[in-house]
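Each chain, written out:
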Amino acid sequence: MDLERIEKAVREILLAVGEDPEREGLQETPNRVARMYAEIFSGLKSDPKQYLKIFHEEGEHDELVFVRDIPLYSVCEHHLLPFIGKCHIAYIPRDGKIIGLSKFARIVDCFARRPQVQERLTAQIADFIEENLNPRGVAVFIEAEHLCMTMRGARAAGALTQTSALRGCMRTEAKTRNEVMLLLAK
């Protein structure tokens, strides 16, 4: 991450909107924004595989696992404004392979800390879990408020966008999908 270049760009933005970057309240702003971008876009240099911790349970554990309300903070790539919400992940293990539950939050965070669109973020999380855990099925749901809709344009404060990505039996078996949807509705 080129912090110096970000600082120069922020200084230029301040000048372009008619502000004085030398004003007392703004003198440190370019540096603060550069450090903030390094943090909120840290997923660009991060591999979610580093968070995988797969356990092999004795016997066939083939029941639904559902982790809900994982906090999510990302930045819309169209306006560089945040979107904030929750991610819910359900999966059915295969061959006794399960994942440490806290790792779901780390995987979500890794993909969210990139310029994103919610649709792609949802699919990336589902695809990653499917490719690395090989479950019978996986479902990822995200609901988020986009500040690009709240602060500007439509100014639709409180509007939530919901996206889903279904893989394996979550997509092909109506009974399994319905079970997940019932849990999601609680």
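Residues numbered from 1 in each chain as written. Predicted model: local features only at pLDDT ≥ 70, side-chain atom pairs only at ≥ 80, totals over all residues. Heavy atoms only, no water.

Asker: Mind showing me how you'd approach the overall build of the chain here?
Answerer: When helices and strands are counted, the chain shows 7 helices and 7 strands. The N-to-C order of helical and strand elements in the chain reads α-α-β-β-β-β-α-β-α-β-α-β-α-α. Expressed along its principal axes, the backbone C-alpha trace of the chain runs to roughly 65 × 35 × 20 Å. By the burial criterion, 38% of the 186 residues in the chain qualify as buried. Taking all contacts inside the chain whose residues are at least 6 apart in sequence as the whole, residues at least 24 apart take part in 69%. Carbon and sulfur atoms provide 51% of the accessible area of the chain, an area that totals close to 10,700 Å². Within the chain, the 28 negative side-chain charges are centred at a point lying 2 Å from the centre of the 26 positive side-chain charges. (Helix = DSSP H or I, 4+ residues; strand = E, 2+ residues; numbered from the N terminus. Buried < 20%, exposed > 50% of the residue type's maximum accessible area, 1.4 Å probe, protein only. Contact = heavy atoms within 4.5 Å. Areas by Shrake-Rupley, 256 points an atom, 1.4 Å probe, with all protein chains shown as cover. Lys, Arg positive; Asp, Glu negative; His and termini not counted. Charge placed at Lys NZ, Arg CZ, Asp CG, Glu CD.)

Asker: What should I look at first to understand helix α4 (residues 118–133) in this one?
Answerer: Note on helix geometry: an α-helix contains 3.6 residues per turn, so any two residues three or four positions apart are oriented the same way. Taking 1.5 Å of rise per residue, the 16 residues of α4 would be expected to cover 22 Å, and the 22 Å separating its terminal C-alpha atoms lies within 8% of that figure. Downstream of α4 by one or two residues, N134 has phi in the positive range, about 50°. (Expected span 1.5 Å × (residues − 1).)

Asker: How should the sheet that holds strand β2 (residues 65–76) be read in this particular structure?
Answerer: Strand pairing in a sheet is mediated by backbone hydrogen bonds. Such pairs are either parallel or antiparallel. Read across the sheet, 5 strands follow the order β5-β2-β3-β6-β7 without closing on themselves; strand pairing throughout is mixed. Both edges of this open sheet fall to β5 (115–116) and β7 (161–168), since each of them pairs with a single strand only. In this sheet, β5 lies alongside β2 in parallel orientation, the contact comprising 2 bridges. Bridged to V75 within β5 is P115. (Pairing = 2+ DSSP bridges.)

Asker: Honestly, the nonpolar core in this entry has me stumped. Any pointers?
Answerer: Where a protein is soluble and globular, its nonpolar side chains tend to be buried together. Counting 28 residues, the largest nonpolar core has C87, I89 and I125 as the members making the most contacts within it. Contributing elements (two or more residues each) for this core: β2, β3 (82–92), β4 (97–99), α3 (102–112), α4 and β6 (137–146). For this core, the element with the highest residue contribution is α4, accounting for 6 residues. Those residues in contact with C87 that sit more than four places away from it in its chain are V67, R68, D69, I70, L72, V108, I125, V140, F141 and I142. (Core = buried A, V, L, I, M, F, W, Y, C linked by side-chain atoms within 4.5 Å.)

Asker: For this particular structure, what's the right way to read helix α1 (residues 3–16)?
Answerer: Taking 1.5 Å as the rise per residue, α1 with 14 residues should run 20 Å; its terminal C-alpha atoms sit 20 Å apart, in good agreement. Taken residue by residue, α1 has I6, V10 and L14 as its buried positions. Down the axis of α1, the smallest arc covering the buried residues is 80°, so these residues share one side. For α1, the exposed residues lying more than 90 degrees away from the buried face are E4, R5, K8, E12 and A16. Immediately beyond the C-terminal end of α1, within one or two residues, lies G18, with a positive phi of roughly 95°. (Arc of directions from axis to C-beta.)

Asker: I keep staring at the packing of α3 against α4 and nothing clicks. Help me out?
Answerer: Axis angle and axis distance: for two packed helices, these are the angle between their axes and the distance between the axes, and together they describe the pair. At a minimum axis distance of 10 Å, the contact between α3 and α4 shows a crossing angle of 135°. Here α4 runs oblique to α3, going by the angle between their axes. Where α3 crosses over α4, the handedness of that crossing is right-handed. Side by side, α3 and α4 meet where F104, I107, V108, F111 and A112 of the first sit next to L121, Q124, I125, F128 and I129 of the second. In terms of residue class, the contact of α3 with α4 is built from 9 nonpolar, 1 polar and no charged. (Axes fitted to C-alpha atoms, helices over the stretch in contact; angles between N-to-C directions. Parallel < 35°, antiparallel > 145°, perpendicular 65-115°, else oblique. Left-handed = near helix turned anticlockwise from the far one by under 90°. Nonpolar A, V, L, I, M, F, W, Y, C, P; charged D, E, K, R; others polar.)

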